[in-house]
Amino acid sequence: MTSEGAQQDGAAGGAAGDRTVRVVLVDDHRMFRTGVQAEIGETGRTGVEVVGEAADVDQAVTVITTTRPEVVLLDVHLPGGGGVEVLRRSAAMMADAERPVRFLALSVSDAAEDVIGVIRGGARGYVTKTITGTDLVDAIFRVADGDAVFSPRLAGFVLDAFASTDAPPIDEDLDRLTQREREVLRLIARGYAYKEIAKQLFISVKTVESHVSAVLRKLQLSNRHELTRWAAARRLV
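Caption draft 1: Seen up close, empty space enclosed by the protein. In the structure shown here, the tally under the stated rule is 1 cavity of 30 Å³ or more. By volume, the largest cavity amounts to about 40 Å³. Mapped onto the lining of the largest cavity, the elements with two or more residues apiece are β1 (21-26) and α3 (30-40). Residues that form the lining of the largest cavity fall into these classes: 6 nonpolar, no polar and 2 charged.

Caption draft 2: Region of the structure containing the layout of surface pockets. The calculated volume of the second largest pocket comes to roughly 340 Å³. In terms of lining, the second largest pocket is formed by 16 residues, of which the most central are H29, V108, K129, Q200 and F202. Secondary structure elements with two or more residues in the lining of the second largest pocket: α3, α12 (179-189) and α13 (194-201). Each residue belonging to the lining of the second largest pocket can be placed in one class, and the counts come to 5 nonpolar, 5 polar and 6 charged.

Caption draft 3: Spotlight on the sheet that holds strand β6 (residues 149-150). Spatially, β2-β1-β3-β4-β5-β6 is the arrangement adopted by the 6 strands of the open sheet, whose pairing is parallel. Each end of this open sheet is capped by a strand with a single partner; those strands are β2 (48-54) and β6. Here 4 bridges tie strand β3 (residues 71-74) to strand β4 (residues 102-107), and the two strands are oriented parallel to one another. Bridging across to β4, L74 finds its partner in A105. The strands touched by helix α5 (residues 57-67) are β1, β2, β3 and β4; relative to β2, the strand with the most contacts, the crossing angle is about 140 degrees.

Caption draft 4: The environment of S210, seen in detail. Note that S210 resides in helix α14 (residues 205-219). Taking relative accessible area as the criterion, S210 reaches 45% and is therefore assigned partly exposed. Expressed as a C-alpha distance, the spacing of S210 and E181, which sit 29 residues apart in the sequence, is 9.5 Å.

Caption draft 5: Quick peek at the packing of aromatic side chains. Counted according to the given criterion, the structure contains 0 aromatic pairs. For K129, the ring lying beneath its charged end belongs to F32, and the centroid distance is 4.1 Å.

Criteria and thresholds
- Residues numbered from 1 in each chain as written.
- Predicted model: local features only at pLDDT ≥ 70, side-chain atom pairs only at ≥ 80, totals over all residues.
- Heavy atoms only, no water.
- 1 Å grid on protein atoms, 1.4 Å probe; cavity = no way out; pocket = protein on both sides within 12 Å on 5 of 7 lines; lining within 4 Å.
- Points joined across faces, edges and corners; volume = space filled by probe spheres on them.
- Helix = DSSP H or I, 4+ residues; strand = E, 2+ residues; numbered from the N terminus.
- Nonpolar A, V, L, I, M, F, W, Y, C, P; charged D, E, K, R; others polar.
- Pairing = 2+ DSSP bridges.
- Contact = heavy atoms within 4.5 Å.
- Axes fitted to C-alpha atoms, helices over the stretch in contact; angles between N-to-C directions.
- Buried < 20%, exposed > 50% of the residue type's maximum accessible area, 1.4 Å probe, protein only.
- Phe/Tyr/Trp six-rings, centres within 6.5 Å; stacked < 30°, edge-to-face > 60°.
- Lys NZ or Arg CZ within 6 Å of the ring centre and 35° of its normal.

Given below as structure tokens:
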């Protein structure tokens, strides 16, 4: 998100009038949560009140249950099972007719399987982390009102996926992988070195190596060349 977006957030707050939307931030990167809080969390300016934060699945479910926000900004890749697991464990709160908790995915990933996964899990929208502060505030209010919100580039294939009568079947091999393992798999298949993956995902090289080993084991592959061919065959790159 850009600083320019943060400077323009006043317009969003003005449009909201006196209304306040209570929000929980769920992301495993503390610095990112701090940045989002700084851009949208000044309630008098934006109309958004950040009532809680969480860094993994268990924390997220606890905070959401305790605070019962109107909107949860949810990262797709989280320790403990990913955003899909948070959605699964929050199903009853999403279905509450009186005080529904609604989810807006906010992720660096623009991969089709990530987007479709959280939407099928019950999220009301999906935006990428390149969104400006102004647009994010607008998305939060729209989701709170029950609208579906997507980054423009993602909306087309989301609609196609749900409208298609020949949607691809569930891939049992891919389902064996965690969200983080899928992300590492995709980057490996795109030719990234371990150091580059570590930098992009804010993890150590050793952690990347562990994820790659787990992916190879689960998929019964021998090396990154086989892994790349496997990913390309499934159009994951």
